[in-house]
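Examination of the molecular architecture
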Amino acid sequence: MNSAKHEQGSGMKTEILLGDEAIALGALHAGIAGVFSYPGTPATEILEYLAKWNQGSQAGNGRKPVVADWSANEKVAYEEALGMSYAGKRALVSMKHVGLNVAADPFINSALTGANGGLVLVVADDPGMHSSQNEQDSRFYAQFAQIPVYEPSDQQEAYYMTLEAFEQSERLGLPIMIRLVTRLAHSRGNVKVLEHGKNEVTVGVVGNPSDWTLMPANARRRFQRLVDAGPKLQSLAEESTHNVLKLAGRKGIICSGIAYGYVLENVGPATDFSILRITQYPLPVNKIRQLVEHCDEITVMEDGYPFIESQLRGVLQIPGKAINGKHTGHLPMTGELTPELVRKALGMELHKSRVQESDLGSRPPRLCTGCPHIDSYNALVEVLESYPNAVVFGDIGCYTLGALPPYSAIQSCVDMGASIGMARGAALGGVHPSCVVIGDSTFTHSGLSGLLGAANHNTNMTVFILDNSTVAMTGGQEALIGGDKFIQLVKGLGVDPEHLRTIVPLPKSHEKNVRIIREEIEHKGLSVIISARACIQIRKPGAKK
Amino acid sequence: MIKNTVLAGVGGQGILSIAYCICKAALNRDYQIKQSEVHGMAQRGGNVESHVRFSDDSIPSGLIPQGKADVIIAVEPVEALRHENYLKPDGCIVSSISPIKNFNNYPDPKKLLERIAQAKDHVLLNSKHLAKVAGNPRVENIIILGAASDRLGLGLNEFDTVLEELFSAKGEKVVQANQRALRIGRRAAEIYRESLAKGQGPHTALEHLEQLPENAWDPEAATPGKGG
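Conventions and cut-offs
- Residues numbered from 1 in each chain as written.
- Chains lettered and ligands numbered in written order.
- Predicted model: local features only at pLDDT ≥ 70, side-chain atom pairs only at ≥ 80, totals over all residues.
- Heavy atoms only, no water.
- Disulfide = S-S within 2.5 Å.
- Pairing = 2+ DSSP bridges.
- Helix = DSSP H or I, 4+ residues; strand = E, 2+ residues; numbered from the N terminus.
- Contact = heavy atoms within 4.5 Å.
- Axes fitted to C-alpha atoms, helices over the stretch in contact; angles between N-to-C directions.
- Domains from an automatic or database assignment.
- Salt bridge = Lys/Arg side-chain N within 4 Å of Asp/Glu carboxyl O.
- Polar contact = N/O pair within 3.5 Å; in protein donor to acceptor, adjacent residues only side chain to side chain.
- Nonpolar A, V, L, I, M, F, W, Y, C, P; charged D, E, K, R; others polar.
- pLDDT = per-residue confidence, 0-100.
- Expected span 1.5 Å × (residues − 1).
- Buried < 20%, exposed > 50% of the residue type's maximum accessible area, 1.4 Å probe, protein only.
- Buried area = accessible area lost by both parts, 1.4 Å probe.
- Core = buried A, V, L, I, M, F, W, Y, C linked by side-chain atoms within 4.5 Å.
- Phe/Tyr/Trp six-rings, centres within 6.5 Å; stacked < 30°, edge-to-face > 60°.
- Lys NZ or Arg CZ within 6 Å of the ring centre and 35° of its normal.
- Parallel < 35°, antiparallel > 145°, perpendicular 65-115°, else oblique.
- Left-handed = near helix turned anticlockwise from the far one by under 90°.

Some remarks on the state of the cysteines
Evaluation of the coordinates by the stated rule reveals zero disulfides over all chains. Free of any disulfide, Cys435(A) has its nearest cysteine sulfur in Cys413(A), 17 Å distant. Cys92(B) takes part in no disulfide bond, and the closest cysteine sulfur to it belongs to Cys21(B), at a distance of 18 Å.

Structure (structure tokens):
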């Protein structure tokens, strides 16, 4: 929402922001020079907010525009942010939780190189898998990398923790993670923000390049530095005003991030529960000890894996103390945390409502009317009727919906770009026809390297690249490359030009498309069929570019 | 004071526009706001839901606890019932009766309406028909918002400003159609409730609304500036 409430004289104003937007604005006000990302729900709006800001009326005004272009994938995004930090500028890198798997290599190693300009990674986890293939908890990654994490509990904290994270990153010379969950990333609330943030901050170039050159001798030195920083990080979390302990009755609660809001919603501010809220890691051990010593029974609430709970419980438990949580069945191990789950875990009765459960059938998403993928699948499905042993390896995008009826056309969806590697492995394992369905953006994200191998070994498989000229599922972000350049790219990987075909997925071309697909499946060797027609959503007048 | 509203519908119906209108109108009153929504694959014809809460005090949770919603605002009848477990025992349901049958085993529409009508405080409207009356088939969502507006405690004039902001880029005609839809929805809800008060059932009340001549909505029902 654009128009804000200004408070005269305070230098502050109130805006209604998504959790994602609060992070983006916090980063802007912290003086970043750039944000790097690849689209992925629920993190997409972070970069989008800054790209829009660049075009808006607030831009100019003496504040330099922020670099806000989509990267090819999350690994590249992380490396670009790391490079910007190296150059002495502040950089934000944002992604969804599974994106961090792709970026894990630079992420873990950046804890050794350290940060020069402030480097902040925002990861949006998706407990409940609203639009993801798992619900991994990024706090484990931060622990693995041994870097600090902020886990805001609302939009306001998301804003000021981002401001703080950049300062902290430069002070410590380390990257900092901010962990969001879907429910915060995609929820709006009032946020008090600065009228004017910092202009672009510059800290100067890296003093000692060998710190960033992780050959074994340097890496050992840098790893030692990281380990040595441990006690300092520990004491920062211990003294942090974000980790708040309130002692009251003998029943205790430890809650992290947005779980605090659900606790407060249920017990109210004048509660007799002793509460420790944790929003900055590593874990504040002394505060936890104080709570445990004071209480007989402690319930741990987290939206995600039992990260705090498992560490608290340890392998030997705490004699004489009851620790309730996901391990004891007080809360479920899977799915998203809700106010109701918190309520039940605290032994409180649910509120009366009109009905207890909804009994209605689900409404699965489906391809839009007029979607080019429909015509691609219609042709493919018709051809594959003659090949009962065919396997079609799918990938991540709108076309994943081809797994559902009426197409039931794909038999796998694992991770970005997985289809090509899996199809090659399956072909070598005896599957024929071994086929791939992958979108253009997923292909440039992580499919290129798989196809390079398949082309140069001329593996007997058929790859369909559905080129709709956009990143459709996340809302139509611009693809990095399209049209003839895209075809040249595929050719350049070593695909035999005679078996690199293009089709236009339209009902009127159905017969022709079926014939081409059949020919290429019959070809003993690699074929690539590019099925190119733009997404109908981006062709609508007024649609996002 | 806290007002909890669950918004529901199908991808593409403008649920998040309703959310925007309520949040913005509430912000203009200096209320605290929390709004939660789920998107992602939902925009491909799946169900879309949003929780909107506003209050003169701070609001801890973005999600409304089950049994705490004052109003359900739904642009599709199945979606109204999907979230019924959030509604207070005496809460209000405002729902369109226009079904979107894009999944297997869609329930019998007649039974759906009867289930919604079991809520003592409810309004059912043929939003498709009323959007046509408003002169733009895309304003079904704002018809339903108008019908729920009195239960939100927010005035029509307060929404006018927000609709203007939201749709000004699409031209004055679109703004006016939405402002008109708001009033038609509000008026239709009043007429629907009057019919129920006379002892009529939901089906009769709906028929009565559909049989009203088009000029019944003019001018007092459809002039911006009135009814706020």
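Details of the sheet that holds strand 6 (residues 149-150) of chain A
Residues and elements named next belong to chain A. Strand order in the open sheet formed by six strands is 3-4-5-7-6-12, with mixed pairing between adjacent strands. Two strands close off the open sheet at either side, each with one partner strand: strand 3 (32-37) and strand 12 (280-281). Sheet topology note: the strand 6/strand 7 (residues 176-181) ladder contains two bridges and is parallel. The partner of Tyr150 across the bridge, within strand 7, is Ile178. Against the sheet, helix 7 (residues 155-172) touches strand 3, strand 4 (90-96), strand 5 (119-125), strand 6, strand 7 and strand 12, its axis set at about 155 degrees to strand 7.

Some remarks on the domain arrangement of chain A
All names here are of chain A. The domains assigned to chain A are domain 1 (3-228), domain 2 (244-345) and domain 3 (372-532). One C-alpha centre belongs to domain 1, the other to domain 2, and the line joining them spans 27 Å. Tallying the contact residues gives 23 residues for domain 1 and 21 residues for domain 2. Applying the counting criterion to the domain 1 and domain 2 interface returns three salt bridges. One salt bridge in this structure joins Arg277 and Glu157, with 2.5 Å as the shortest N-O distance. On inspection of domain 1 and its partner domain 2, the count reaches 16 residue pairs in polar contact (both at pLDDT 80 or more). Elements with a contribution of two residues or more to the side of domain 1 that touches domain 2: helix 6 (139-145), strand 6, helix 7, strand 7 and helix 8 (182-185). No other element matches the four residues that helix 7 contributes to the side of domain 1 that touches domain 2. A class-by-class count of the residues in the side of domain 1 that touches domain 2 yields nine nonpolar, six polar and eight charged.

Side note on the confidence of the model for chain B
Confidence along chain B averages 91 in pLDDT terms, with 93% of residues attaining 70 or more. Here the complex is predicted with pTM 0.94, and the ipTM for its interfaces comes to 0.91.

So, helix 6 (residues 156-167) of chain B
Compared with the 16 Å implied by 1.5 Å per residue over 12 residues, the 16 Å span of helix 6 of chain B between its first and last C-alpha is a close match. Where helix 6 of chain B is concerned, the buried positions are Leu156(B), Phe159(B), Asp160(B), Val162(B), Leu163(B) and Phe167(B).

Observations regarding the interface of chain B and chain A
Contact residues are listed per partner, giving 51 residues for chain B and 49 residues for chain A. Approximately 4,500 Å² of surface area, both sides summed, lies buried where chain B meets chain A, with 54% of it carried by carbon and sulfur atoms. Counting across the interface, chain B meets chain A through five salt bridges. In this structure, Arg53(B) engages Glu265(A) in a salt bridge whose closest nitrogen and oxygen atoms are separated by 2.8 Å. Here chain B and chain A share 18 residue pairs in polar contact (both at pLDDT 80 or more) between them. Of all the secondary-structure elements, those providing two or more residues to the side of chain B that touches chain A are helix 1 (15-28), strand 2 (32-37), strand 3 (47-55), helix 2 (77-82) and strand 5 (87-96) of chain B. Residue contributions to the side of chain B that touches chain A peak at six residues, all from strand 2 of chain B. Along the lines of polarity and charge, the residues of the side of chain B that touches chain A split into 21 nonpolar, 16 polar and 14 charged. Taken together, the three bridges between strand 8 (residues 187-194) of chain A and strand 2 of chain B define a ladder with antiparallel strand orientation. Bridge assignment links Ser187(A) to a residue of strand 2 of chain B, and that residue is Ser36(B).

Some points on the environment of Val123(A)
Residues and elements named next belong to chain A. Tracing the backbone shows Val123 in strand 5. Note: C-alpha distance between Val123 and Gly99 (24 residues apart in sequence) is 8.3 Å. Those residues in contact with Val123 that sit more than four places away from it in its chain are Met95, Lys96, His97, Leu100, Ser138, Met177, Ile178, Arg179 and Leu180.

As for the pattern of salt bridges
Residue and element names in this part refer to chain B. Taken as a whole and assessed by the stated rule, the structure comprises 40 salt bridges over all chains. One salt bridge connects Asp121 with Arg151, and the closest N-O pair in it is separated by 2.7 Å. Of the two residues, Asp121 sits in strand 6 (residues 121-125) while Arg151 sits in helix 5 (residues 140-152), which places them 30 residues apart along the sequence. Taking relative accessible area as the criterion, Asp121 reaches 18% and is therefore assigned buried. Accessibility expressed as a relative area gives 27% for Arg151, which makes it partly exposed.

Considering the environment of Met1(B)
Inspection of the secondary structure assignment puts Met1(B) in the segment before strand 1 (2-10). Contact partners of Met1(B), with chain neighbours within four places excluded, come to Tyr31(B), Phe54(B), Ser55(B) and Asp56(B).

Considering the nonpolar core
Counting residues in hydrophobic clusters, the biggest one holds 101 residues, and the most contacted among them are Leu92(A), Leu100(A), Phe107(A), Leu121(A), Met177(A), Ile254(A) and Met301(A). Counting the residues that make up this core, at least three belong to each of domain 1 (3-228) and domain 2 (244-345) of chain A. The next biggest cluster of nonpolar side chains, apart from the first, holds 79 residues, and it includes Ala119(B), Leu130(B), Val139(B) and Tyr192(B).

Structural notes on the pairing of strand 3 of chain A
Residue and element names in this part refer to chain A. Strand 3 sits mainly inside the fold: six of its six residues count as buried. Sheet topology note: the strand 3/strand 4 ladder contains five bridges and is parallel. Opposite Val35, over in strand 4, you have Leu92 as the bridge partner.

Remarks on the packing of aromatic side chains
All names here are of chain A. Counted by the stated rule, this structure contains 10 aromatic pairs over all chains. Summarising the aromatic geometry, the rings of Tyr281 and Phe307 are spaced 5.7 Å apart at their centres and angled 70 degrees between planes, so their arrangement reads as edge-to-face. Of this pair, Tyr281 sits in strand 12 while Phe307 sits in helix 13 (residues 307-313); the two residues are 26 residues apart in sequence, bridging distant segments of the chain. Both residues of the pair, Tyr281 and Phe307, belong to the buried class. Clustering of aromatic rings is evident, with ring pairs tying together Phe140, Tyr281, Tyr305 and Phe307. Sitting over the ring of Tyr260, Arg277 keeps its end group 4.0 Å from the ring centre.

Quick notes on the packing of helix 15 (residues 372-384) of chain A against helix 19 (residues 510-522) of chain A
All names here are of chain A. At a closest axis distance of 9 Å, the pairing of helix 15 and helix 19 adopts a crossing angle of 50 degrees. By the angle between their directions, the pair helix 15 and helix 19 is classed as oblique. Where helix 15 crosses over helix 19, the handedness of that crossing is right-handed. Contacts between helix 15 and helix 19 pair Asn378, Ala379, Leu380, Glu382, Val383 and Leu384 from the former with His510, Asn513, Val514, Ile517, Arg518 and Ile521 from the latter. Taken together, the residues of the contact of helix 15 with helix 19 sort by class into seven nonpolar, three polar and two charged.

Some thoughts on the sheet that holds strand 11 (residues 274-278) of chain A
Residues and elements named next belong to chain A. One open sheet holds the five strands; their spatial order is 9-11-10-13-14, and the pairing between them is mixed. Edge positions in the sheet fall to strand 9 (244-246) and strand 14 (322-324), since each of these pairs with one other strand and no more. Direction aside, neighbouring strands of the sheet carry axes that sit 15 degrees apart on average. Packing against the sheet, helix 12 (residues 285-294) makes contact with strand 9, strand 10 (251-256), strand 11 and strand 13 (297-301), and its axis sits at approximately 160 degrees to strand 11.

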